[in-house]
Structure formats: structure tokens, C-alpha cells
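Chains, contacts and geometry: an overview
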Number of protein chains: 2
Amino acid sequence: MTGNLSETRVDATTDMPEEPTQALRFGRARTARSSALQEDYVELIADLMAAHGEARATDIAKRMGVTHPTALKSITRLKREGLVTSRPYRGIFLTEAGQELAQRVRARHRLMVEFLLALGVPAEAAEADAEGMEHYASEATLAAFGRFLGRLRRDI
Amino acid sequence: MTGNLSETRVDATTDMPEEPTQALRFGRARTARSSALQEDYVELIADLMAAHGEARATDIAKRMGVTHPTALKSITRLKREGLVTSRPYRGIFLTEAGQELAQRVRARHRLMVEFLLALGVPAEAAEADAEGMEHYASEATLAAFGRFLGRLRRDI
DNA sequence: ACTGAATTGTACCCTTGGCTACATTAGTCT
DNA sequence: AGACTAATGTAGCCAAGGGTACAATTCAGT
Ligand SMILES: [Mn+2]
Ligand SMILES: [Mn+2]
Ligand SMILES: [Mn+2]
Ligand SMILES: [Mn+2]
């Protein structure tokens, strides 16, 4: 009785994942992709607030490497989602929900970077890769990363 | 002289990455995001060819969890990019370039899954997370994953 | 208080990647 | 051969996220 309960089901004849299983996985990846940008904005806004006491649209745009109308449009979406507030010609502020999201996203970002560094990935690659990968790591994967770091530290 | 040459430069006063550095990282993540879908399609087409000897539009759509017009539109884009060919009412075929891409993407996918499994991530989470994360892992990160697996195997 | 520069806002355009609805073709079974 | 079904193609809609060009406002420095 060595069978792993959570083993992925594959079609015996094709050695591919079953169709509905695979469709669900791609669907989850699509969902994650659609929130990735928002997560990055919220994290960045929190960082700017912490560093400069305010988050200006221009700074956000510069940091994101995007033109200011593009940034403004994304910020409008964040407002609609209740993550951010702003009054004309004033800065951008995180709502309660925005701050909570920022905190989670920031912790995840740090864990991801730390993990890659611990594995021996050069710093710049670790930062760049983490910026993309972080949005697709489930709680289970983050937990595994944490265990790995814990083990490293324990074993000096 | 312990300074790491590849250490990320941060603004000393704000403890944030410098603006152009961070903008470049977000830019790279955007680029990766825009090729992620194409990579998944090409990988899937190769898998279907291997399993069934052909790749039909309907099967691709079902596997991707998407309606067939959506799949067809993506396939049209793959044609434009020279990764795929097709004649009306016949199947989809990978070009030389498409097959090469498929091979690289498939190897990367397997490495990613194997790595997560080795870390103790449950199989279904490993598969799902890999589907998203794979597109953002640089060569440096993939190499680190490979080293980790090698060490595991060596140390029994 | 004025003026010029920087910031912010707005209008409009494009591509990607979703969808539904409908038309056409191919394939299968009697 | 004809008819039904499945597959494929096409048209048109939408939202997100990128861009340019230009208008309006704020802010600093004189
Ligand atoms: Mn990110
Ligand atoms: Mn991040
Ligand atoms: Mn994928
Ligand atoms: Mn894949």
C-alpha cells in the first residue's frame, strides 16, 4: 500500500494528465496571472509609502517601468477593487484590504528571494525570477520553501 | 573584502532597489508573461502529438480549459510566430522551431515539477504551481534546481 | 503674484486573450 | 447517398494592459 493519495492521475494509455485535471491547472494559472500585476502594484505602493511616506503616481510608473497613463489605469482598477484610494492630484493610499494584501505579498516575495539565494541563485537572477514566480506559488509550495530554509538554519 | 559582486544595489536611504534596476526586473517579468501562454500551447501540442499522433484544435481547447475559438486564435498567433502550421480542417503541426521550443519547455516543466516534489510539495500542488512558475525561472535558477536534485541523488 | 516645469488627468489607439453565436465542413452510420 | 453529429472556422463582443498626444493642475523659484 505505497500508493500516494495525492498522486496526479494520468491516462494510462497516453501518459498525460487527464483532461479535466489539466484544464483546471491551466485555469488556476490564468487566475494567478490576472492578479499578478495588482499584487505587484500593491506591494510597490506599500514600499514607497514606507520609504518616502507617500506613493505618487509618477514614482509608481517609473518603478514599474511603464508610462504614467498605464500606471494610472492600473491604479483605477485597484480603486475599483477596493485596494486603494486617491483624490485628484493627491497621492495614492492603501485601504485596509490593500495593506493586508501588501503585507502578505511582501512576505511571500521575501521568502521567494531568500529561498532562491539559499539555493545558490545569483542575487540579481533571484530578484528577477522571484518577481515573476512569486505569484504562482501555492501555500503548500511556500511552506516547503520555509521548511527548507528552516532546515538550512538548523543544520548551520 | 566580502562584498558580493552580484549583490542587488539598493538605495541606502530607502532600502529599496534602485529605480532603473527594479523597472528592468518588472519588464522582464512582463516579457515572460507574454510568452507563457505560447509556451504552454507548444508544449501541449507536442504532448498530444506524442500521445495520439496528432493535435486537433478541439483537444487543445479541452486540455487548456478554454473554448475552441479562443484556442484557434492562439493557434493563429503561433502560426504567425512560425511555431506551428495548419491547413483548414486538418490538424496542427509544429515547425522545426516549434519542436525545439517544445523540447526546451518540456524539459523545464519536468525539472520544475521534480524539484518541487523533491522539496516535499504534494503532487497536485507541484504540478499546478510548476505550470505557472516555469515561465519565470531563468537559466541560473534552473541550474540551481538541477544542482539540488543532483545533490539529493548523490547523498542517497 | 507670476511663470515655467513637473505632475496628473484624459482621450484615443493597439494587441492579447477571454467569450458567445452562428456558419461551414468533415466524418460516420444507416 | 443522405442525414446527423462533431469539428472547424468566422464574426463580433469585452476587459486588461500596453502605448502617444495633449490638457489641466500644482508646485517652486523668482
Ligand atoms: Mn511580482
Ligand atoms: Mn514582488
Ligand atoms: Mn506553463
Ligand atoms: Mn508546462
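These numbers were taken from a predicted model, which means no experiment stands behind them.

1. Some remarks on the interface of chain B and chain A
Each partner contributes to the interface: chain B provides 53 residues, whereas chain A provides 53 residues. With both sides pooled, the region where chain B packs onto chain A buries about 4700 Å², and carbon together with sulfur makes up 61% of that total. The interface formed by chain B and chain A includes 4 salt bridges. A:Arg25 is the partner of B:Glu124 in a salt bridge, and the nearest nitrogen-oxygen pair spans 3.2 Å. Connecting chain B to chain A are 17 residue pairs in polar contact (both at pLDDT 80 or more). Going through the elements one at a time, α1 (19–52), α2 (57–64), α4 (96–119), α5 (123–133) and α6 (139–154) of chain B are the ones with two or more residues in the side of chain B that touches chain A. Counting residues per element, the side of chain B that touches chain A draws most heavily on α1(B), which supplies 16 residues. Classifying every residue of the side of chain B that touches chain A by side-chain character gives 25 nonpolar, 11 polar and 17 charged.

2. Comments concerning the relation of the copies chain B and chain A
Once turned by 180° and shifted 0.0 Å along the axis, chain B lies on chain A with an RMSD of 0.0 Å. Here the transformation between the copies is reduced to the relation of a two-fold axis. Across chain B, the rotation axis passes nearest the C-alpha of B:Met133, at a separation of 2.4 Å. A share of 100% of interface residues in chain B that are also interface residues in chain A marks the association as one of identical surfaces.

3. Looking at helix α4 (residues 96–119) of chain A
In a regular helix each residue adds 1.5 Å, so 24 residues correspond to 34 Å; α4(A) covers 35 Å between its end C-alpha atoms and thus fits that length. Of the residues making up α4(A), those classed as buried are A:Gly98, A:Leu101, A:Ala102, A:Val105, A:Arg108, A:His109, A:Leu111, A:Met112, A:Val113, A:Phe115, A:Leu116 and A:Leu119. Contact partners of the buried residues in α4(A): α1 (19–52), β4 (92–94), α5 (123–133) and α6 (139–154) of chain A together with α4 and α6 of chain B. Positive backbone phi, at 100°, marks A:Gly120, one or two positions downstream of α4(A).

4. Notes on the protein's contact with DNA strand C
Surrounding DNA strand C, one finds 20 residues, the nearest of these being A:Arg33, A:Arg56, A:Thr58, B:Lys73 and B:Arg77. Counting only atoms of DNA strand C within 4 Å of the protein, the sugar-phosphate share comes to 61%. Contact between DNA strand C and A:Arg56: a phosphate oxygen at 2.8 Å from a side-chain N or O atom of the residue. Contacts to DNA strand C include B:Tyr89, whose side-chain N or O atom sits 3.1 Å from a sugar or linking oxygen.

5. Remarks on the coordination of the manganese ion (ligand 2)
Residue and element names in this part refer to chain A. All of the protein donors around the manganese ion (ligand 2) are Glu43 (OE), His109 (ND1), Glu131 (OE) and Glu134 (OE); their distances to the metal are 2.2 to 2.5 Å. As a motif over one chain, the donors of the manganese ion (ligand 2) read E-x65-H-x21-E-x2-E. The metal-metal distance between the manganese ion (ligand 2) and the manganese ion (ligand 1) comes to 3.4 Å, with Glu131 coordinating both. With His109 in helix α4 and Glu131 in helix α5, this pair connects stretches of sequence that are 22 residues apart. On the basis of relative accessible area, His109 is assigned to the buried category, the value being 10%. A relative accessible area of 4% means that Glu131 is categorised as buried.

Cut-offs used in this document
- Residues numbered from 1 in each chain as written.
- Chains lettered and ligands numbered in written order.
- Predicted model: local features only at pLDDT ≥ 70, side-chain atom pairs only at ≥ 80, totals over all residues.
- Heavy atoms only, no water.
- Contact = heavy atoms within 4.5 Å.
- Buried area = accessible area lost by both parts, 1.4 Å probe.
- Salt bridge = Lys/Arg side-chain N within 4 Å of Asp/Glu carboxyl O.
- Polar contact = N/O pair within 3.5 Å; in protein donor to acceptor, adjacent residues only side chain to side chain.
- Helix = DSSP H or I, 4+ residues; strand = E, 2+ residues; numbered from the N terminus.
- Nonpolar A, V, L, I, M, F, W, Y, C, P; charged D, E, K, R; others polar.
- Least-squares fit on C-alpha atoms with pLDDT ≥ 70 in both.
- Expected span 1.5 Å × (residues − 1).
- Buried < 20%, exposed > 50% of the residue type's maximum accessible area, 1.4 Å probe, protein only.
- Near = heavy atom within 4 Å.
- Donors = N, O, S within 2.8 Å, 3.2 Å for Na, K, Ca; no water.

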